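Understanding the architecture of this molecule
Below, each chain spelled out in residue letters.
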Amino acid sequence: MPGRQLIMTFPVTGTSHSLVEYRARGGYVALDKALRQMKPTDITKEVTASGLQGRGGAAFSMGRKWQVIVPDDGQPHYLIANADEGEPGTFKDRWILENNPHMLLESMLIASYALGVRNCFVYIRGEFDLPYRRLAGAVEEAYAAGYFGERILGTEFSCDIVVYRGAGAYVAGEASGLLASLEGKKSYPRNRPPRLTVKGLYQRPTVVNNVESLSNIAWIIAHGAAAFKEVGTPKSPGTRLFSVSGHVNRPGVFEVELGYPWMKFLEEDCGGIRNGRALKCVVPGGVSSKVLTATDIKDLHLSHEALWDAGSTLGSGGMIVIAEGTCMVTLLQVMLRFYHHESCGQCTPCRHGTGWMHRILDRIVAGQGRPEDIERLYYISKFNDGTTICGLGDAAGYACTGILDKYRDEFEYYIEHKRSRHDGNLECLRSS
Amino acid sequence: MPEIFINGQAIQARDDQTVLQVALANGIFVPYFCWHPQLSIAGNCRMCLVEVEGRGLDIACNMPVNAGMKVFTDSDDVKAHRKAILQFITLNHPVDCGICDKAGECTLQDYHYQYNGEASLSRDEKVHSTKFYNLSNRILLDNERCILCLRCTRFTHEVSKSMALGVERRGDVSNIRPVEDRPLGEDPYSDNIIDLCPVGALLSRQFLHKARVWYLKPTPSVCPGCERGCTIQIWHRKPEWKLKALDPAQNTSIARITPLENPAVNGPWICNKGRDLARIFERRRADQAMLKGQPVELSVAIDHARRLIGAARHPAALVSTWGSNEELETFKARLGEVFHCFVKRDGQPEEGERIEDDLLIRADKNPNTAKARELFHDSGEPTFHDGTDLVLVWGEGFDFAKLPRGAQVIFLNSYLQPENGHADVFLPISIQTERSGHYTNFQGTVSAFEACFAKNDTVVDAEALFVALAAPARGHP
């Protein structure tokens, strides 16, 4: 067990997601406490004091985002749980939606109360089938139990929820793209300013939070910010769900207390590298974060500050473990194919840059690489950085330069010899 | 009034302005594709990236003004990024300027020379897409040339409100496409997207491969299609590039019509009818004076008309609402006392034509009704006195069956029509593209038009004709 746990606190069974069992675990007590004993601003203060950071990728302070909203300024506010979990390698929110949906709903009710929200939304990706059914079932249960609707628990607070299914665009997971999609438009991200907390959904102040970030709220309100700060490190309080995939013996979703030693986590909890191979590198938090080599992570702890110091980020918690002998050129090709496919096509650098990079990689893999290709990839990455509306273009560039910086020799080898230095597979089938 | 600094120059800005607007208003040019003063901010072309001290690069079109901010529009970083943006835009653009109608007035072409000037860094095959896609019976779309600035979709959503265009698919294979059940062909303002398009993606079918724009010259004019009186530019062959072979009629024909931006009347838009003025002006022309259908010299016909006017006891006149201010005033001054005058509405809506809306189109399909009504009696339908023995009909749109019995007719017209031969005197007059003048629109705004072509010698300008008709009859009674 990698440290203390706040979310994955119970054994998953066929009924552990139900309201009855959630209540038996102490569910909806925090909601009762919030509605009866706390003012909306107290909740925001508590969340700010907890130091909770967003779990969707940017690790921005939740409290600071919430503070922008004035709960009683007379206009409608909206709260959206971002369940459009699309970052490759990331499937942690899915665990919450499937196995603990009431934790999300309770947290959303508390958040709605804190932010003066009458209508909140869950934007769930269309490919999520079981998560959607579990969540929709939970919403039904919660309505029947009087947790949603008019005058919740006999208080003045009323709130309704809508679960909206996306149609499968990665970029709809970007908060402003998500809002556009929710409004029924093409999910083009929007230029800032104005920020979404000023003008978001239907031009009203809107908070968009990741499912995992929101799910922590119930725990924080039930146990207090001080108790939350005791978990994790001073700069990264709490736990994180990591979805581990790739060349490990025991892939899956793990809740890890922040500050836990990384190698220990991989060796003990994830069962070590598959087929007894050595570790080559890790994509720490979804493909948009820069890869870290085995040497980079040897003494690292899993915390935001440690990863930032190492030049990467915990991102969305989608950890992809890559064993020695894996072809990085093929890996980058797969990543760039993804970005090319998912670029929304709104702004110029990303629309053309992602395709350009993808075509270069395709050519290298086909044995038609040219010596200038590596410089060209750097050029495209450079001019995608900070020039686009959302982060997709930047992320494609980071993924590319992250691998190029550390494995340039493999690319040079591939271009020169027209074949991979390794077997060119990504599967890690044999022992070496 | 916050003060900001652009390239070190202190500028007073307004709070509601963006940095791009401030820069353009003060003569500092920042290149842009997607931004348009009349459309919402899309911020997708990224061409207007500027540097703000302490904040790095961001797009000027969406940047609010902050007092004291220091903006640089020409730093090395900005220049490098502009260059890169043009590399990205031209990556999949076919660069087929040689066969593109937009060449010569293409923003991408201009910017490429000014801000990039380098060949493409890519040698890979470009992304291909549809060419000559039929958007409507007026507009073709070349998706390969499209840079997805979305001006056209924003126009149909925000200005013409036809919602006819959208974007299909995503990434570098996204395409502008018509929206189901929202035919662009039914949008009477659709052709504005051709002008809006910064590249040659949206093409006018009328103008397709008709002329290179540098051989053409725009003459300022006024659309006579309705009483809005939108200012337009009539594009026609430059006299110095006159065609010596081929069909000489091409030298005096209208190549295309575009709006002439005019905040007081039409902003930067006109409707499709205004683009189709060739259909009005290039009908078969009447250029032969006639007496009861028999061809005569123009001067003979004028003399005859003058004698008829002199002899008439109760002459009436139907004044044209297509006459310019000058012509109407001359008629009033010279012949207003002689005739009992009525205002005649020359133009009537055609079948299927939009009658009226709240953007530009007005129900009265004549350019100068306002001036005619100011000068003459407007009773709607003319009511002729008993004993009316002469009617002067100026222009089209009058049903000759409504003439009083026994009255003689002087008919002034520009086009070949059956009525011409029925008139006692027929006088061919020049059209708007052959003379200069002014129209007064329904709001009282006066706009000028200029002559594009010389008139035929056998045709007379109405203004000169009225002066001649008012002169005392010569010689015999």
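Residues numbered from 1 in each chain as written. Chains lettered and ligands numbered in written order. Predicted model: local features only at pLDDT ≥ 70, side-chain atom pairs only at ≥ 80, totals over all residues.

Observations regarding the overall build of chain B
- Within chain B, the secondary structure is distributed over twelve helices and 22 strands.
- Projecting the C-alpha coordinates of chain B onto the three principal axes gives extents of approximately 90 × 50 × 45 Å.
- Considering only contacts within chain B whose residues lie at least 6 apart along the sequence, 64% involve residues at least 24 apart. (Helix = DSSP H or I, 4+ residues; strand = E, 2+ residues; numbered from the N terminus. Contact = placed C-beta atoms within 7 Å.)

Things to note about the overall build of chain A
- Scanning chain A from N- to C-terminus turns up 17 helices and eleven strands.
- Relative to its length of 432 residues, chain A is compact, with a C-alpha radius of gyration of 22 Å against a globular reference of 22 Å.
- Classification of the 432 residues of chain A by burial places 56% in the buried group.
- Counted over contacts in chain A with a minimum sequence separation of 6, partners at least 24 positions apart contribute 73%. (Rg over C-alpha atoms; globule rule 2.2 N^0.38 Å. Buried ≥ 20, exposed ≤ 12 C-beta atoms within 10 Å, placed from the backbone.)

Brief notes about the sheet that holds strand β17 (residues 340-344) of chain B
Residue and element names in this part refer to chain B.
- Reading across from one edge, β15-β14-β20-β19-β18-β16-β17 is the order of the seven strands in this open sheet, with mixed pairing throughout. Taken across any chain shown, the strands that pair with only one partner, and hence form the sheet edges, are β15 (294-295) and β17.
- Note that strand β19 (residues 408-413) and strand β20 (residues 425-428) share four bridges and pair parallel. Along β20, the bridge assignment pairs isoleucine 410 with valine 425.
- In the packing of helix α8 (residues 298-311) onto the sheet, contacts are made with β14 (290-291), β16 (315-320), β18 (390-394), β19 and β20, and the angle to β20 comes to roughly 130 degrees. (Pairing = 2+ DSSP bridges. Axes fitted to C-alpha atoms, helices over the stretch in contact; angles between N-to-C directions.)

Examining the domain arrangement of chain B
Residue and element names in this part refer to chain B.
- By domain assignment, chain B separates into domain 1 (3-116), domain 2 (133-281) and domain 3 (290-470).
- Computed from C-alpha atoms alone, the centre-to-centre distance between domain 1 and domain 2 is 25 Å.
- Each partner contributes to the interface: domain 1 provides 21 residues, whereas domain 2 provides 25 residues.
- Considered class by class, the residues forming the side of domain 1 that touches domain 2 number ten nonpolar, eight polar and three charged. (Domains from an automatic or database assignment. Nonpolar A, V, L, I, M, F, W, Y, C, P; charged D, E, K, R; others polar.)

Things to note about the domain arrangement of chain A
Residue and element names in this part refer to chain A.
- Domain boundaries assigned for chain A yield domain 1 (19-230), domain 2 (239-323) and domain 3 (328-417).
- A C-alpha centroid distance of 35 Å is found between domain 1 and domain 3.
- Contacts between the two partners involve ten residues from domain 1, matched on the other side by eight residues from domain 3.
- Across the side of domain 1 that touches domain 3, the residue classes tally to six nonpolar, three polar and one charged.

Thoughts on the packing of helix α5 (residues 92-99) of chain A against helix α9 (residues 211-223) of chain A
Residue and element names in this part refer to chain A.
- Close contact between α5 and α9 brings their axes to 9 Å; oriented N to C, the two are set at 50 degrees. One element, α5, and the other, α9, form an angle in the oblique class. Across the interface between the two elements, Lys92, Asp93, Ile96 and Leu97 from α5 touch Val211, Glu212 and Ser215 from α9. (Parallel < 35°, antiparallel > 145°, perpendicular 65-115°, else oblique.)

Describing the pairing of strand β12 (residues 231-237) of chain B
All names here are of chain B.
- Burial analysis of β12 places six of its seven residues in the buried class, which makes it a mostly covered element.
- As paired strands, strand β11 (residues 216-222) and β12 are joined by seven bridges and run antiparallel to one another. In the sheet register, lysine 217 faces β12, and the bridge partner there is histidine 236.
- In the sheet, β12 pairs with strand β13 (residues 254-259) via five bridges, with the strands oriented antiparallel. Counterpart to glutamine 233 in the pairing with β13 is threonine 258.

With respect to the environment of glutamate 98 of chain A
Residue and element names in this part refer to chain A.
- Structurally, glutamate 98 can be placed in helix α5.
- Put simply, glutamate 98 and tyrosine 407 are 309 residues apart on the chain and 38 Å apart in space, counted from C-alpha to C-alpha.
- Every residue in contact with glutamate 98, bar those within four places of it in the chain, is listed here: His17, Leu130, Pro131 and Arg134.

A few points about the sheet that holds strand β4 (residues 206-210) of chain A
All names here are of chain A.
- The strand order across the open sheet formed by four strands is β3-β2-β1-β4, and the pairing between neighbours is parallel. Single-partner strands in this sheet number two, and they are β3 (160-165) and β4. Averaged over all neighbouring strand pairs, the angle between strand axes comes to 20 degrees, with direction disregarded.
- Both strand β1 (residues 77-83) and β4 contribute to a ladder of five bridges, which runs parallel. Within β4, the position partnered with tyrosine 78 by the bridge is threonine 206.

So, unusual backbone geometry
- Cis geometry marks the peptide bond from arginine 192 of chain A to proline 193 of chain A; its omega dihedral reads -10 degrees.
- Assignment of secondary structure puts proline 193 of chain A in the loop between α8 (175-182) and β4.
- You will see that leucine 148 of chain B, though not glycine, has its phi angle at about 55 degrees, which is positive.
- Relative to the elements of secondary structure, leucine 148 of chain B occurs in the loop between β7 (139-141) and α4 (151-158).
- What makes leucine 148 of chain B buried here is the crowd of 26 C-beta atoms within 10 Å.
- Non-glycine residue aspartate 181 of chain B carries a positive phi angle of around 65 degrees.
- One can find aspartate 181 of chain B in the loop between β9 (175-178) and α5 (192-196).

Observations concerning helix α14 (residues 328-342) of chain A
Residues and elements named next belong to chain A.
- Across its 15 residues, α14 extends 21 Å between first and last C-alpha, which sits within 8% of the 21 Å expected from 1.5 Å per residue.
- Counted residue by residue, α14 has eleven buried out of 15 residues, so it is predominantly covered.
- Those residues of α14 not exposed but buried are Met328, Val329, Thr330, Leu331, Leu332, Gln333, Met335, Leu336, Tyr339, His340 and Glu342.
- Elements that come into contact with the buried residues of α14 comprise β11 (318-323), α15 (348-365) and α17 (392-417). (Expected span 1.5 Å × (residues − 1).)

What to know about the interface of chain B and chain A
- Listed per partner, the contact involves 27 residues of chain B and 25 residues of chain A.
- Listing elements by their share of the side of chain B that touches chain A, those giving two or more residues are β4 (56-59) and α2 (76-91) of chain B.
- Class assignment for the residues of the side of chain B that touches chain A results in 14 nonpolar, nine polar and four charged.

Thoughts on the packing of α15 of chain A against α2 of chain B
- Running from amino to carboxyl end, α15 of chain A crosses α2 of chain B at an angle of 65 degrees, the nearest separation of the two axes being 9 Å. In the packing of α15 of chain A onto α2 of chain B, the handedness of the crossing is left-handed. When α15 of chain A is examined against α2 of chain B, the residues Thr348, Pro349, His352, Gly353 and Trp356 of chain A are found in contact with a partner set consisting of Ile85, Phe88, Ile89 and Leu91 of chain B.
- Among the residues forming the contact of α15 of chain A with α2 of chain B, the class breakdown is six nonpolar, three polar and no charged. (Left-handed = near helix turned anticlockwise from the far one by under 90°.)

Brief notes about helix α3 (residues 40-50) of chain A
Residues and elements named next belong to chain A.
- Turning to α3, its buried residues are Pro40, Ile43, Thr44, Glu46, Val47 and Ser50. Burial along α3 is one-sided: seen end-on, the buried residues are contained in an arc of 160 degrees.
- Where α3 is buried, its residues contact α2 (29-37), α4 (62-67), α6 (101-115), α9 and α10 (225-230).
- Trailing α3 by a residue or two, glycine 51 shows a phi angle of about 70 degrees, which is positive. (Arc of directions from axis to C-beta.)

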